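Summary of structural features
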Amino acid sequence: MRLRSLLPALLVTAALAACDSTLATEPADRIPSERAIVDAGTAHAALAGAYDALQSLDYYGITLPMLGDLSADNLEHVGTFQYLGSVSRNQLQADNSAISGAWTAIYDAIARANLLIDRVPTLTDMEAEDRDQVLGEAYFLRALHYHNLVKLWGDVPMPLAPVASAEEAAQFTRTPADQVYTQILADLTQAENLMTDDSQTRQASLGAVRALRARVLLYRGDWAGALAAADAVEEMGYTLADDFGALFTPDGDDTPEDIFRVSFSPQEYNELGYYYLFDGRWEAAPTASLDAAFEAGDARHALTLEEDDGDYQGTKFPTTIGGEDFHVLRLGEVVLIRAEALARLDRLEDAVDEYDKLRVRADLEPHVFGVDVSTQQEVLDAIWQERRVELALEGDRWPDLIRTGRAAAVLGIPAERTFQLLYPIPQRERVTAPGLGQNPGY
């Protein structure tokens, strides 16, 4: 992985001015970690920098969510960026710039979290509750980043402390996915033990920790654990937004469904609408398959995509200005996690009652167990259908198809190309750290 991925620039200029001469001679992105976080003020500045990493256009600003739908059957490439066409066709190579950009952005974010985890416990001027909250948020962020990595790349490097030099970075090898998942769950336990905030939505809270745990355990196939974590979230008092469209307003309005969102504004913008709308770049478009996936009368349909003379635009993020917040975790997903866990545990009627919450919100008739669906597979298929239309253009479709073992069949990926179910380790990272190796087939 690249040195700049591991040694990020932190926004601590004010703090450095207090302890350095006015005329600095060192590059801003090579501030020694022992001087980057020295007191409560610089700790909070570094935490702000950790959240700022999520806004990167290579992360939640466009690339990560787009990859999750473009690799699958929700989006197709209609523009001029050929590296996105390769994603859409599942013909990736190790030098694909979207893949390498996402990798780099996530490792940059991990480096910022690691610096907080390393330095904050040493600070003596912070109240214990404040220190623990900052530290808990850093553990949450690190868990989120590693889950985003492991579900796309499989085995990945797992630095858990600041990396001091390029020489150290060059020695990294990949950690098996099972061990990465163990660390993710340990980080979430640490976060929950340290945090006290249960209300903020643009920074991590106890609700965000529990919701991410539910997601991770779903991916691990721990159905009882996922159900317990989803139950814990629902017991916290979150409720579904009455109007699905309220979740995706131009100004990022608050809703009772919000758990954790990345905040954007016209100044710190995303490019989701810009890439999906006709009056933007229109680089990627919803597919006819996604259009057909919506039942007649589904209120989510027009809020997700529109068709014009055979062409489709994505309307979930309704402006090209990019001020809409992005929901990393929201109650709608937790409802679907809980429904799937219930179905996997053979509590089928309860599972139907759970996902019906979203059908009713979408102005659809609720399913009746024993009438509309009867078997476990029928219930699971209905849940996966709800996941597709509820979470469309939020980056979940490709990981969902992978974790449920349906990707090759649904997408028609031939047997000789099923190695593409894992993304390639970026070639430039393997040049820097030869021990990384490569996922088979690339």
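Computed from a prediction, not measured in an experiment: that's the story for all the values here.

What about a negative patch on the surface?
Taken together, the side chains of Glu306, Glu307, Asp308, Asp309 and Asp311 define an acidic patch exposed on the protein surface. Looking at which element gives the most residues to the negative patch, the answer is strand E4 (residues 305–308), with three residues. You can see aspartate 308 is positioned in strand E4. The class for aspartate 308 is partly exposed, based on a relative accessible area of 47%.

Examining the pattern of salt bridges
Under the counting rule described, the total for this entry stands at 36 salt bridges. Between arginine 387 and aspartate 400 there is a salt bridge, with the nearest N and O atoms lying 2.6 Å from each other. Placement of arginine 387 in helix H18 (residues 376–390) and of aspartate 400 in helix H19 (residues 397–403) is noted, with a sequence separation of 13 residues between them. Note on accessibility: arginine 387 and aspartate 400 belong to one class, buried.

Some remarks on unusual backbone geometry
Across residues other than glycine, the phi torsion is negative in most instances, and most of the peptide bonds are trans. Backbone geometry at aspartate 363 places phi at a positive 70°, although glycine is not the residue there. Along the chain, the position of aspartate 363 falls in the loop between helix H17 (348–361) and H18. Exposure remark for aspartate 363: the relative accessible area of 59% places this residue in the exposed category. We note that leucine 393 has phi near 70°; this positive angle belongs to a residue other than glycine. Along the chain, leucine 393 turns up in the loop between H18 and H19. The class for leucine 393 is buried, based on a relative accessible area of 0%.

Structural notes on the nonpolar core
The nonpolar side chains of a soluble globular protein tend to be buried with one another. Counting residues in each nonpolar core, the largest one holds 131 residues, and the members touching the most others are Phe140, Trp153 and Phe260. Tallying contributions element by element places helix H8 (residues 128–153) first for this core, with 13 residues. Sequence-distant contacts of tryptophan 153, defined by excluding residues within four places in its chain, comprise Ile99, Ala102, Trp103, Ile106, Asn148, Arg174, Leu422, Tyr423, Pro424, Ile425, Pro426 and Asn439.

Quick notes on H8
Here H8 contains 26 residues, and its C-alpha end-to-end distance of 37 Å stays within 8% of the 38 Å for a straight helix at 1.5 Å per residue. Most of H8 is tucked away: 21 of the 26 residues are buried. Positive phi appears at glycine 154, one or two residues downstream of H8, with a value of about 80°.

Examining the packing of aromatic side chains
Summed over all chains, the structure comprises 16 aromatic pairs. A ring pair is formed by phenylalanine 278 and tryptophan 282, whose centres lie 5.3 Å apart and whose planes are at 65°; its orientation type is edge-to-face. The partly exposed category is assigned to phenylalanine 278, whose relative accessible area is 32%. Here the aromatic residues Tyr59, Tyr60, Phe244, Phe248, Phe317 and Phe326 are joined through ring pairs into a cluster of three or more. Over the face of the ring belonging to phenylalanine 81 we find arginine 281, whose NZ or CZ atom lies 3.8 Å from the ring centre.

As for the confidence of the model for the protein chain
Atom-level detail of predicted coordinates should not be read off regions where pLDDT is low. On average, the protein chain scores 93 in pLDDT, and the residues at 70 or more come to 92%. Looking at the elements of the protein chain, mean pLDDT is at its lowest for helix H2 (residues 13–19), recorded as 31, and at its highest for helix H16 (residues 331–344), recorded as 99. For residues 2–31, every residue scores under 50 in pLDDT, and the model assigns this stretch 44 contacts once sequence neighbours within four places are set aside.

Let's talk about the pairing of strand E5 (residues 311–314)
Relative to E5, E4 runs antiparallel, the two being bridged by four bridges. Across the sheet, residue glutamate 306 finds its bridge partner in E5, namely glutamine 313. Counting the residues between successive antiparallel strands, the hairpin from E4 to E5 contains two residues, one of them, aspartate 309, with a positive phi of roughly 55°.

Things to note about the side chain of threonine 201
If you trace the backbone, threonine 201 turns up in the loop between helix H10 (177–194) and helix H11 (206–220). When its relative accessible area of 15% is taken as the criterion, threonine 201 is described as buried. Those residues in contact with threonine 201 that sit more than four places away from it in its chain are Asp258, Ile259, Phe260 and Arg261.

Each value, and the rule that gives it
Residues numbered from 1 in each chain as written. Predicted model: local features only at pLDDT ≥ 70, side-chain atom pairs only at ≥ 80, totals over all residues. Heavy atoms only, no water. Patch = residues over 30% accessible without salt bridge, like charges linked within 9 Å, V, L, I, M, F, W, Y side chains within 5 Å. Areas by Shrake-Rupley, 256 points an atom, 1.4 Å probe, with all protein chains shown as cover. Salt bridge = Lys/Arg side-chain N within 4 Å of Asp/Glu carboxyl O. Lys, Arg positive; Asp, Glu negative; His and termini not counted. Charge placed at Lys NZ, Arg CZ, Asp CG, Glu CD. Helix = DSSP H or I, 4+ residues; strand = E, 2+ residues; numbered from the N terminus. Buried < 20%, exposed > 50% of the residue type's maximum accessible area, 1.4 Å probe, protein only. Core = buried A, V, L, I, M, F, W, Y, C linked by side-chain atoms within 4.5 Å. Contact = heavy atoms within 4.5 Å. Expected span 1.5 Å × (residues − 1). Phe/Tyr/Trp six-rings, centres within 6.5 Å; stacked < 30°, edge-to-face > 60°. Lys NZ or Arg CZ within 6 Å of the ring centre and 35° of its normal. pLDDT = per-residue confidence, 0-100. Pairing = 2+ DSSP bridges.

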